[in-house]
2 protein chains.
Amino acid sequence: MIVTTPARSLRADAARNRELLLAAAEEEFVERGLDASIADIARRAGVAKATVFRHFATKEELIAAIVGSHFSALTAVARGLLESADPGAALLEFLTVAADGLQQQDLTFLQTASEGDSTVIALRDELHATVDSLVERAREAGAVRADITGTDVFLLICAPVHAAGFLPRPAPDLWRRYLGIIFDGLRPEGANPLPLPAPSWS
Amino acid sequence: MIVTTPARSLRADAARNRELLLAAAEEEFVERGLDASIADIARRAGVAKATVFRHFATKEELIAAIVGSHFSALTAVARGLLESADPGAALLEFLTVAADGLQQQDLTFLQTASEGDSTVIALRDELHATVDSLVERAREAGAVRADITGTDVFLLICAPVHAAGFLPRPAPDLWRRYLGIIFDGLRPEGANPLPLPAPSWS
DNA sequence: TAGCAAGTTGACCGACCGGTCATCTTATGC
DNA sequence: GCATAAGATGACCGGTCGGTCAACTTGCTA
């Protein structure tokens, strides 16, 4: 799932441990948020703590690696959708994929990681620019209001996930409902609103 | 600003320190999030660390006191708006006040505090019920879609603030823009959309 | 104004954190 | 199969955290 370009031909065990570490860190950060400890991540990956620091000099660097891979994956999705024949549907599709990927993710995670690390900032800006194009096409097609910008959409991506996450035990697809509501808010008047999924929380 | 019912006639200095502590804690949590330390809070209030623990047995208890006061303040606002002649405008007004109060607030703050402490849960449920009534009136007045529930609105309150907070240096009223977008998503088709504030971020 | 309970304080505790280092292990090129 | 450099490891460090405690100070009351 996590695709990273290895800096320079790693030894076989090192390469394996690096992947193990990234996977374990991802899970641990999802479960515990930004406060997940390096020791726990190492334990989950089945390696010693010092091994983590051999691969990632600081905790921030580890976080940046994960966040960066998320950003570039989303950029790839957005790029693909730029070819779509229906720009409005393409935008909705992108929002759905993005929100789905963000699910359960501690969002302050992405936030703090986006500041400071220049590589991550570059990847984020690349994603931002691609979303801009996606929104522009949707706007030209009349699928969103004229005054909606790419930044608006970029910022609103996580809103539905966050809203749904506020419930102690939210239905697993509640975020789709809120994504629908927000997407409707982006549409020009007169356009057909989405049929919302039923409110299925308990 | 913070109104709490003192358990039993505190000594004058103790009562003063308690208020100083609550104010300092509020500021510190806003600035540093959930990770703000008791020592920093004590320093800000001008008292020793041990004094904090005399007033609040644990950090969680201090957090619960703050969050609880926020919830009850919002409930009071919502109750007042139940008397309003225009249910749709009343709902929008409530959302605006709630989002404004949430601004700069670390939202995981409210989230984690809402779990575990029974007093806070009770206050939250009370707010939830009041918002339910507010939404029901708006729905009957045709100001929101028929399928929108109080829970929907309750959960979506923080979405605009969160979205705006994602930017490194957001314009101070960017959240109003996103509140407008989301509110539009709640409205039945045919109703007039809000004129959105201009996207004034830099 | 004297006595005392209520309140305050700084020193202290154990746990845990991110990060380091000297030493041991192992994959790999010859 | 061996030399060696890349990698792994556990013990360890300084710092910070939430929380405790015995000793001290202060507001209240009779």
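Quick caveat: nothing in here was measured; it's all calculated off a predicted structure. Within each chain, residues carry numbers counting from 1 in the order of the written sequence. Working convention: letters from A go to chains and numbers from 1 go to ligands, in the order in which they are written. Local features in this predicted model are restricted to residues of pLDDT 70 or higher, and side-chain atom pairs are both shown and tallied only at a pLDDT of 80 or more, whereas totals for entire chains, interfaces and linings draw on every residue. Only hydrogens and water are removed before side-chain values are computed, so all heavy atoms of the structure are retained for them.

## Quick look at the overall build of chain A
Only DSSP runs of H or I with at least four residues qualify as helices, and only runs of E with at least two residues qualify as strands; both kinds are numbered from the N terminus onward. Counting its secondary structure elements, chain A contains ten helices and zero strands. The helix and strand sequence of chain A, counted from the amino end, reads α-α-α-α-α-α-α-α-α-α. Burial classes: relative accessible area under 20% of the type maximum marks a residue as buried, over 50% as exposed, and values in between as partly exposed (1.4 Å probe, protein chains only). Per-residue burial over chain A gives 49% buried out of 202 residues. Here, residues are in contact when the closest pair of their heavy atoms is within 4.5 Å. Contacts spanning at least 24 positions in sequence make up 60% of the contacts within chain A whose residues lie at least 6 apart. Residue burial considers only the protein chains on display, and all accessible areas are found by Shrake-Rupley using a 1.4 Å probe. Total accessible area on chain A stands at roughly 9,600 Å², and carbon and sulfur atoms take up 53% of it.

## Comments concerning the protein's contact with DNA strand D
Around DNA strand D, a shell composed of 22 residues is seen, among which A:Arg11, A:Asn17, A:Ala50, B:Lys49 and B:Lys59 lie nearest. Any pair of nitrogen or oxygen atoms within 3.5 Å is treated as a polar contact; in protein, a donor-acceptor pairing is required on top of that, and neighbouring residues in sequence qualify only through side-chain atoms on both sides. One of the side-chain N or O atoms of A:Arg11 is found 2.6 Å from a base nitrogen in DNA strand D. A:Thr51 places a side-chain nitrogen or oxygen 3.1 Å from a phosphate oxygen of DNA strand D. If you list the elements that add at least two residues to the surface near DNA strand D, you get helix H1 (12–32) and helix H3 (49–55) of chain A together with helix H1 (12–32) and helix H3 (49–55) of chain B. The dominant element in the surface near DNA strand D, judged by the number of residues it contributes, is H3(A), at four residues. Gly is placed with the polar residues, together with every amino acid not listed as nonpolar (Ala, Val, Leu, Ile, Met, Phe, Trp, Tyr, Cys and Pro) or charged (Asp, Glu, Lys and Arg). The residue makeup of the surface near DNA strand D, split by class, is ten nonpolar, five polar and seven charged. Nearness here has a simple test: a residue counts as near a molecule or strand if at least one of its heavy atoms is within 4 Å of that partner.

## Some remarks on the protein's contact with DNA strand C
A:Lys49, A:Lys59, B:Arg11, B:Asn17 and B:Ala50 are the nearest of the 22 residues found near DNA strand C. Close to the protein, within 4 Å, the atoms of DNA strand C belong to sugar or phosphate groups at a rate of 61%. B:Arg11 places a side-chain nitrogen or oxygen 2.6 Å from a base nitrogen of DNA strand C. The side chain of B:His55 places a nitrogen or oxygen atom 3.3 Å from a phosphate oxygen of DNA strand C.

## Description of the pattern of salt bridges
Just to be clear on terms, a salt bridge is a Lys or Arg side-chain nitrogen sitting within 4 Å of an Asp or Glu carboxyl oxygen. Taken as a whole and judged by the stated rule, the model has 22 salt bridges over all chains. Across the pair A:Glu28 and A:Arg32 runs a salt bridge, and its minimum N-O distance is 3.5 Å. With A:Glu28 and A:Arg32 both in helix H1 and four residues apart, this pair spans about one turn of that helix. A:Arg32 gets classed as exposed once you look at its relative accessible area, which sits at 54%. Note that B:Arg43 is salt-bridged to B:Asp40, the shortest N-O span being 2.8 Å. Here B:Arg43 pairs with B:Asp40, and both are found in helix H2 (residues 38–45), just three residues apart, close to one helical turn. Classification of B:Arg43 by relative accessible area gives exposed; the value is 58%. Residue classification places B:Asp40 among the partly exposed positions, given a relative accessible area of 25%.

## Topic: the domain arrangement of chain A
All names here are of chain A. Source of the domain bounds: an automatic or database domain assignment. Looking at chain A, the domain boundaries give domain 1 (1–57) and domain 2 (58–202). The interface of domain 1 with domain 2 comprises 18 residues on the first partner and 15 residues on the second. Together, the buried faces of domain 1 and domain 2 total about 1,400 Å²; carbon and sulfur atoms form 70% of this surface. The term buried area refers to how much accessible surface (probe radius 1.4 Å) is lost by two components on association, counted for both of them together. When the buried surface of domain 1 facing domain 2 is broken down by residue, Phe-29, Leu-34 and Phe-56 rank first, second and third, together holding 40% of it. Scanning the region where domain 1 abuts domain 2 turns up zero salt bridges. Mapped onto the side of domain 1 that touches domain 2, the elements with two or more residues apiece are H1, helix H2 (38–45) and H3. Here the side of domain 1 that touches domain 2 takes five residues from H1, the largest share from any one element. Here the residues of the side of domain 1 that touches domain 2 sort into 14 nonpolar, two polar and two charged.

## Some details on the nonpolar core
Buried Ala, Val, Leu, Ile, Met, Phe, Trp, Tyr and Cys residues that are joined via side-chain atoms within 4.5 Å together make up what is termed a nonpolar core. Counting 127 residues, the largest nonpolar core has A:Leu62, A:Phe94, B:Leu62 and B:Phe94 as its most contacted members. A:Phe94 has contacts with A:Leu74, A:Val77, A:Ala78, A:Leu81, A:Leu127, A:Val131, A:Leu134 and A:Ile157, leaving out every residue within four places of it along the chain.

## Here we look at the packing of H1(B) against H2(B)
Residue and element names in this part refer to chain B. All axes here are fitted lines through C-alpha atoms, helices being fitted over the stretch that makes contact, and every angle between N-to-C directions spans 0 to 180 degrees. Following both chains from N to C, one finds H1 and H2 inclined at 125°, their axes separated by 8 Å at the closest point. The pairing of H1 with H2 is recorded here as oblique in orientation. Here H1 and H2 pass one another in a crossing that is right-handed. Of the residues in H2, those touching H1 at Leu-20, Leu-21, Ala-24, Ala-25, Glu-27, Glu-28, Phe-29 and Glu-31 are Asp-40, Ile-41, Ala-42, Arg-44 and Ala-45. Should an angle fall under 35 degrees it is taken as roughly parallel, and over 145 as roughly antiparallel, whereas 65 to 115 is taken as roughly perpendicular and any remaining angle as oblique. Two helices that cross are described as forming a left-handed crossing if the nearer one is turned anticlockwise from the farther one by less than a right angle, and a right-handed crossing if clockwise.

## Focus: the state of the cysteines
Cysteine sulfur pairs qualify as disulfides if the two atoms are within 2.5 Å. Under the definition given, this model contains zero disulfides over all chains. This cysteine, A:Cys158, is not joined by any disulfide, and B:Cys158 carries the nearest cysteine sulfur, 13 Å off.

## Section: the packing of helix H5 (residues 87–102) of chain B against helix H7 (residues 118–140) of chain B
Residues and elements named next belong to chain B. Where H5 contacts H7, the two axes come as close as 7 Å, and the packing angle between them is 145°. Remark: the crossing between H5 and H7 carries left-handed chirality. In this structure, H5 uses Pro-87, Gly-88, Leu-91 and Phe-94 to contact H7, whose residues at the interface are Leu-127, Val-131, Leu-134, Val-135, Arg-137 and Ala-138. Here the residues of the contact of H5 with H7 are counted per class, giving eight nonpolar, one polar and one charged.

## Re helix H10 (residues 174–186) of chain A
Expected helix span is computed as 1.5 Å times (number of residues minus one). Over its 13 residues, H10(A) extends 19 Å from the first C-alpha to the last, a length consistent with the 18 Å expected when each residue adds 1.5 Å. Along H10(A), twelve of the 13 residues are buried, which leaves the element largely enclosed by surrounding structure. Among all positions in H10(A), only A:Leu174, A:Trp175, A:Arg177, A:Tyr178, A:Leu179, A:Gly180, A:Ile181, A:Ile182, A:Phe183, A:Asp184, A:Gly185 and A:Leu186 are buried. Of the surrounding elements, those touching the buried residues of H10(A) are helix H5 (87–102), helix H8 (150–156) and helix H9 (159–165) of chain A together with helix H8 (150–156) and helix H10 (174–186) of chain B.

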